[in-house]
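A structural walkthrough
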Amino acid sequence: MTSKLQPPQPAPVWNHTPESLKAEVDAVITAARTKLDAIAALSKPARTFSGVFGALAETEAAIFARGEPLTFYQNVSTNSALRDASAAAEVALKEYGIEREMRIDLFDAAKDARASANTLSGEDERLADKILLEGKRAGLDLPEEQRKELESLKKELSGLCVTFQKNCNEEKGKIAFTPEELDGIPADVVSGYAKRDDGKLELTFKTPDVMPLFRYAKNPDTRRLAWEGYESRVAINAKVFETVLATRRKIAALLKYDTWADYITEVKMVKTAQGVHDFIADVESKLLPVGKRDREQLLALKQKEEGADASEFYVWDWYYYDRLYVERTLDLDDALVKEYFPVQEVVPTIMNVYESMLGVEFVPLSNDVEKGDVWHPEVQRFAVWEAGATDASGFVGYTYLDLYPREGKYSHAAVWPLVPGFVLADGKTRNYPVTAMVANLAKPTPDRPALMTHDNVVTFFHEMGHVFHGLLSQTKYARFHGTSVARDFVEAPSQMLENWCWVPSVLAKMSSHYKTKEPLSPELIDKIIKSRYVNIGMFMLRQLFFGKYDITVHTSKESEDYTKLWARLREETSLVKGPAVDTPGQGSFAHLTGDYDAGYYGYAYSLVFAADMYRAVFAKDPLSPEAGRLYREQILGPGGSRDEMDSLKAFLGRPPNSEAFLEQLLGSASQ
């Protein structure tokens, strides 16, 4: 049994103090610099593929494997000093990375090594080509004075981005209402709000607190006030973001790119900033009629509820009336559905679905904080093995689940690739991957256990897709492992897996009423499935708004009022009005500084591939082990070690197309 097997690689130990964390990151950087100096000092005859590219790959693998866990603390630790030290470590590692990429002596060594290696192929060839391209994109062909300026700007940008993210994580805003003002919100949610001495109930802007308010609070003023506070919760980042954009424009100009977006998209599947604009415009033109129809339906419902003089549809109306419309038209009560998804039942069942489909097994491990097993007692830790493994060769890696909100924690859902998988310098031994999912599910209340909405279930299924991309990738080099693919493809594998949350057999399997233990009835499952594309036009236009804002600010060549731009583009694109006084929603749009800059379009862009993959391979039998094996071999396994289009062609047996995507959205929306 796999539970009795000993993993061939120990799990990370989470026992750092601020002082030990700083000492370790300093040691990691010092060791890397020493290695880089040795590479640069090689004589020309010694500048071979293994002497230069292999050594560079080994150095960056060590940085990834030792550095990422140190920078992760800032997202999950309850110790503010440790979070600060972790954020400082991220700055130090990014500055080291900038220093490394700006070393012209290493670039010269790489060019010599490439010239001496005439017969490269596969992952070796991709490694060499990527390193040389990075040198060119880093500006190493520029005069020395401009290189120094560029290095300074990159370090400034790195620090700004860390500050932006830290401000998002450290946000502690709260808002209070009377019980009457919270009318309509389910009692189990309200029971979790803090009671103040003045009789008001206080809630945070964390998702489990504020999202039920947006969805259920009957009083429009309550929703409005909460929304204004929610969008302003990280107002401090508005100024930070202005400086981020100004710095990015300077860097793009030095590198002779027309805009920052042109620089970023050069290495993505879309290739150009204009390609992003064209994609968004094309999808928007197709969805706009559907979105306008959705808005008319929702506005009519609002007028029935609030009176005929309610002539505007506001951003804080969206969640409330979208839910109410589903309830009225499909007789589907989201609060009732939630009762069938207790966290303690759903999470193991979803993991079991993945085990069966992908041929793996989760083995629970101890979670003793004192021993450094985990960073918080609520965290679950697992060893992952190949199904039926009989010895250490069947080990896959480790994963962690950190599912509940707390102060100072990352406030959304995401997966961190803490340690990449790669082949060690001996060419035989494998370094095994480690991943961590961070989420913010509702905690248990005095009245009920922790429950998940169906949206929560979809999100969990999606994020588990990233977990397995990180666990099941089999690349030679760390830089290509797992989700290290083009940013406009990285979401596609997980988006494809969201389809399982709309399959009747899967819904029945992972549902269990928290009282009766009964699964969802066929009638309720049918209603859930029918709700999938209700108001899809407005939902997708909202996603396009985020993408449009992102690409607009990153193609603009002049500074402007980014808060007014946020308000204008939201109203134009997502068809909703905002507050009378514009709110700086961009301040909490963490993607803008979290590796999705000029890249948010990728969520919609990758849906094209996700829809095609699902319909072509999984639609007939979503739980097919054979389809799961093909998915492992052709999508997850290669990671970024080959071109994403090659992986898609190998999986589909043909080039991808947008037919399934358009039929999924427009066909369903027209029904």
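Going along each chain's sequence as written, the residues are numbered from 1 onward. For this predicted model, a pLDDT threshold of at least 70 governs which residues receive local features, and a threshold of 80 or more governs which side-chain atom pairs are given and counted, while totals over whole chains, interfaces and linings are taken from all residues. In computing side-chain properties, one takes all heavy atoms of the structure into account and sets aside hydrogens as well as water.

**Here we look at the side chain of Ser86**
As for its placement among the helices and strands, Ser86 is situated in helix H3 (residues 80-101). Note on exposure labels: buried denotes an accessible area under 20% of the residue type's maximum, exposed denotes more than 50%, and partly exposed covers the range between, all computed with a 1.4 Å probe on protein chains only. With relative accessibility at 0%, the residue Ser86 sits in the buried group. At 2.7 Å, the side chain of Ser86 and the backbone oxygen of Leu70 are in polar contact. Residues are treated as being in contact if the distance between any of their heavy atoms lies within 4.5 Å. Ignoring sequence-local partners within four residues, the contact set of Ser86 consists of Leu21, Leu70, Thr71, Phe72, Tyr73 and Gln74. The numbering of helices and of strands both runs from the N terminus, where a helix is a DSSP run of H or I of at least 4 residues and a strand a run of E of at least 2. What qualifies as a polar contact is a pair of N or O atoms within 3.5 Å, subject to a donor-acceptor requirement within protein and to the restriction that residues adjacent in sequence count only when both atoms come from side chains.

**Quick word on the pattern of salt bridges**
Note on definitions: salt bridges are taken to be side-chain nitrogens of Lys or Arg within 4 Å of carboxyl oxygens of Asp or Glu. Under the definition given, this model contains 54 salt bridges. Salt-bridge contacts for Lys22 lead to Asp26; the nearest nitrogen and oxygen are separated by 2.9 Å. One end of the pair is Lys22 and the other is Asp26, both in helix H1 (residues 18-40) and four residues apart, which spans about a single turn. Residue Asp334 pairs with Arg215 through a salt bridge whose shortest N-O separation is 3.0 Å. Note that Asp334 is positioned in helix H14 (residues 334-338) and Arg215 in helix H8 (residues 207-216), a separation of 119 residues in sequence. One continuous salt-bridge network, built from bridges that share partners, spans Lys174, Arg196, Asp198 and Glu202.

**Quick notes on the packing of aromatic side chains**
Centres within 6.5 Å are what make two rings of Phe, Tyr or Trp a pair, Trp counting through its six-membered ring; a difference in plane orientation under 30 degrees is then read as stacked, over 60 as edge-to-face, and the rest as tilted. Applying the stated rule across the entire model yields 47 aromatic pairs. Between Phe618 and Tyr631, the ring centres sit 6.0 Å apart and the planes meet at 80°, which makes this aromatic pair edge-to-face. Residue Phe618 is located in helix H22 (residues 602-618), and its partner Tyr631 is located in helix H23 (residues 625-636); the two are separated by 13 residues in the primary sequence. Tyr631 shares its class with Phe618; the two are buried. Relative to Phe651, the ring of Phe618 has its centre 6.4 Å away and its plane inclined at 35°; by these criteria the two rings are tilted. Placement of Phe618 in helix H22 and of Phe651 in helix H24 (residues 644-652) is noted, with a sequence separation of 33 residues between them. The class of Phe651 is buried, set by a relative accessible area of 3%. Through successive ring pairs, a cluster of aromatic residues spans Phe545, Phe546, Tyr549, Trp566, Phe589, Tyr596, Tyr600 and Tyr603.

**What to know about the sheet that holds strand S7 (residues 414-419)**
A pair of strands is treated as paired once DSSP finds two or more bridges between them. Strand order in the open sheet formed by five strands is S4-S5-S6-S10-S7, and the pairing between neighbours is mixed. Edge positions in the open sheet fall to strand S4 (360-365) and S7, since each of these has one partner strand only. Here the average twist between neighbouring strands, direction ignored, is 25°. By the bridge criterion, six bridges tie strand S5 (residues 380-386) to strand S6 (residues 395-402) in an arrangement that is antiparallel. Residue pairing in the sheet places Arg381 in a bridge with Tyr400 of S6. Seen against the sheet, helix H2 (residues 49-76) touches S6, S7 and strand S10 (434-438) and runs at an angle of roughly 145° to S7. Axes, fitted as lines to C-alpha atoms, cover a helix only where it is in contact. Angles between the N-to-C directions of the axes lie from 0 to 180 degrees. Sitting on the sheet, helix H16 (residues 454-472) touches S4, S5, S6, S7 and S10, and the angle it makes with S6 is about 150°.

By themselves these figures say nothing about function.
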